[in-house]
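Working through the structure, step by step
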Amino acid sequence: MYLHGTSEINASGHLEIGGCDVVDLKSQFGTPLYIVDEQLVRERCKQYVEAFKESGLQFQVAYASKAFCVMAMCTVVEQEGLSLDVVSEGELYTALQAGFPAERIHFHGNNKTPEEITMAIKAGIGCFVVDNLIELHLLQAIAADMDKHVNVLLRVTPGVEAHTHEYISTGQTDSKFGFDIGNGSAFEGVKIASNLSNIKLLGVHSHIGSQIFEVEGFQMAVQKVAEFAKEVHEQLGVSFKVVNLGGGFGIRYVDGDTPLEVSQYVKAITNAVKEHFAGISNTLPEIWVEPGRSIIGDAGTTLYTVGTQKNIPGVRKYVAVDGGMTDNPRPALYQSQYEALLANRANDEEKEIVSIAGKCCESGDMLIWDVNLPEVQSGDLLAVSCTGAYNYSMASNYNRIRRPGVVFVKDGQSDLVVKRESFQDIIGNDLVPERIRKQAVLK
Ligand SMILES: Cc1ncc(COP(=O)(O)O)c(C=O)c1O
Ligand SMILES: N[C@@H](CCCC[NH3+])C(=O)O
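This write-up is about the structure you can find in this document. Because the structure is a prediction, the values reported are computed rather than measured.

When helices and strands are counted, the chain shows 13 helices and 23 strands. Taken over the C-alpha trace, the chain has a radius of gyration of 24 Å; the compact-globule value for 443 residues is 22 Å, and the two agree within 12%. Here the C-alpha coordinates of the chain stretch approximately 70 × 65 × 40 Å along the principal axes. Counting every atom, the chain has about 19,800 Å² of accessible surface; 48% of that belongs to carbon and sulfur. Distance between charge centres in the chain, computed from 38 positive and 56 negative side chains, equals 6 Å.

Another point: the pairing of strand β5 (residues 59–64). Burial runs high along β5: 5 of the 6 residues are buried. Summarising the sheet, β5 and strand β15 (residues 286–289) pair through 3 bridges and their orientation is parallel. Bridge pairing in β15 links Q60 to W288. Here β5 pairs with strand β6 (residues 83–86) via 3 bridges, running parallel. When the bridges of β6 are listed, A64 appears paired with D85. For the segment spanning β5, helix α3 (residues 71–79) and β6, crossover handedness is right-handed.

What follows is about the site of ligand 2. The environment of ligand 2 is made up of K66, R293, R330, Y334, Y390 and M394. The separation between a nitrogen atom of ligand 2 and a polar side-chain atom of Y334 is 2.9 Å. Here ligand 2, which alone exposes 310 Å², has 72% of that area covered by the protein. Class assignment for the residues of the shell around ligand 2 results in 3 nonpolar, no polar and 3 charged.

Moving on: the site of ligand 1. Taken together, 15 residues sit near ligand 1, with H207, S210, E290, R293 and Y390 positioned nearest. The backbone of R293 places a nitrogen or oxygen atom 2.8 Å from an oxygen atom of ligand 1. Against a free-state accessible area of 390 Å², the protein chains account for coverage of 90% of ligand 1. Residues belonging to the shell around ligand 1 are distributed by class as follows: 3 nonpolar, 7 polar and 5 charged.

A few words now on the nonpolar core. If you look at the biggest cluster of nonpolar residues, it comprises 92 residues, and the most contacted ones within it are Y63, F68, M73, F128, L154, F228 and I296. Residues in contact with I296, not counting those within four places in the same chain, are V36, V41, Y63, A67, F68, M73, G388 and A389. With 20 residues, the next largest nonpolar core counts I251, Y253, Y338 and L373 among its residues.

Turning next to the side chain of D298. Relative to the assigned elements, D298 resides in the loop between α10 (293–296) and β16 (300–312). Of note is the side chain of D298, whose polar atom sits 2.6 Å from the side chain of R44.

As summarised here, the arrangement of the 3 strands in space is β1-β2-β3, forming an open sheet in which the pairing is antiparallel. A single partner strand is all that each edge strand has here, and the edge strands are β1 (8–9) and β3 (20–21). Bridge count for β1 against strand β2 (residues 15–17) is 2 bridges, and the pairing is antiparallel. The residue bridging E8 from the neighbouring strand is E16, located in β2.

Tallying each qualifying case throughout the model produces 11 aromatic pairs. Each ring, one from F218 and one from F249, has its centre 4.8 Å from the other, and the planes form 25°; the classification is stacked. Placement of the pair is F218 in helix α8 (residues 216–236) and F249 in the loop between β14 (242–244) and α9 (262–277), with a sequence separation of 31 residues. For the pair F218 and F249, one class covers both residues: buried. Summarising the aromatic geometry, the rings of F218 and Y265 are spaced 6.1 Å apart at their centres and angled 80° between planes, so their arrangement reads as edge-to-face. One end of the pair, F218, is in helix α8; the other, Y265, is in helix α9, with 47 residues separating them in the sequence. Across the pair, Y265 and F218 agree in class, each one buried. In textbook terms, an aromatic cluster arises when at least three aromatic residues are bridged by ring pairs, as seen for Y34, F68, Y392 and F408. Taking NZ or CZ as reference, R402 lies 4.1 Å from the ring centre of F423, over its face.

Cut-offs and rules
Residues numbered from 1 in each chain as written. Chains lettered and ligands numbered in written order. Predicted model: local features only at pLDDT ≥ 70, side-chain atom pairs only at ≥ 80, totals over all residues. Heavy atoms only, no water. Helix = DSSP H or I, 4+ residues; strand = E, 2+ residues; numbered from the N terminus. Rg over C-alpha atoms; globule rule 2.2 N^0.38 Å. Areas by Shrake-Rupley, 256 points an atom, 1.4 Å probe, with all protein chains shown as cover. Lys, Arg positive; Asp, Glu negative; His and termini not counted. Charge placed at Lys NZ, Arg CZ, Asp CG, Glu CD. Buried < 20%, exposed > 50% of the residue type's maximum accessible area, 1.4 Å probe, protein only. Pairing = 2+ DSSP bridges. Right-handed = clockwise from strand over helix to strand, strands pointing away. Near = heavy atom within 4 Å. Polar contact = N/O pair within 3.5 Å; in protein donor to acceptor, adjacent residues only side chain to side chain. Nonpolar A, V, L, I, M, F, W, Y, C, P; charged D, E, K, R; others polar. Core = buried A, V, L, I, M, F, W, Y, C linked by side-chain atoms within 4.5 Å. Contact = heavy atoms within 4.5 Å. Phe/Tyr/Trp six-rings, centres within 6.5 Å; stacked < 30°, edge-to-face > 60°. Lys NZ or Arg CZ within 6 Å of the ring centre and 35° of its normal.

Take a look at the structure:
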């Protein structure tokens, strides 16, 4: 397993993260356990900020909290000077409770409810990323009712669709998100938005996909948005103060993944902005980005305890751990691949290729299909790396399995930032109404 960030194998042959031996973390917090390398998160934040500073452009780096949204994470990214992208009242509530400055929060989503919009205006958030005309009019109406003015970016689909390892240019973007540039709806959106009394149109937003390893897709998006900005400037006299280019910067999960350095992504984007936006209006727009996975992804490790095994000679050996698709649905959802090691015997010779199964009542509940490990025994600890993004945030209670706790580790210190769910959390919202209780039982 590739050792990310501060991860290393210590003298006892144990995996150590943030100076903490994971065997001790198991004793203290149990398993499954999400472990976050806080120093690596902070480094990633700094890399974005530094790269933008170097570009000389005005900027905001908004952490896409959908990747992992808990109060401690909001606090860390706040301390590192980042802004925050939220997509629901739950994420907004988490951020506000963590004391995140509202003016640095951007609200996304293709179907914001009136309650969410009201909550966000009340909180005084920095910007709404408006997805469609219905939302635009709803936002105007609510803002007018509250006698408030709100900052808005219009989310546009530039006709650049990024896939995991490639990007393709599409004439007509088939996406549930945003105003299409190609068919004129983005132009119409800008025209309407710039005439609404309680809306302050700052500019546009474009997000082309996730886990992207090349810069060309981003450069192409910048070019398309710049062409659109030129058209809008010339025909409507509207100039964009802000251009948000979304997230999507890829990370290394397994051997063969080839992410770029943060600075390379940022440089490609900012250079493209300098090239394509030059001369459209007097000043270059402020550039915002929204990295999620690349801030938290490789800082996360999930620690499991090995339980049972099933060997099917000539076929495969299943090794079951005390978690699975409930804490990491990505292999089941996207056939995502992960690396792992035996965290309590990390120096032992790898002897067999096994498949790591979860404990859910579901054949598809697999974490890794093929991983080379020492001979595994019940009670061994298995660490799966790169589980920081879209694991905790997409976890479920399927089979009424309790969601694991999350611990932040740094400089030999470990602090619980999310407690493992209790049985009471599991049944906390259950009700057995009187009508059902009173139902006569047929004997
Ligand atoms: C609008 C928007 N911004 C930011 C992100 C974060 O993407 P990533 O985690 O790939 O950086 C996403 C998710 O793909 C998104 O939909
Ligand atoms: N949930 C996806 C990423 C979605 C990005 C959000 N638009 C993943 O785990 O890879």
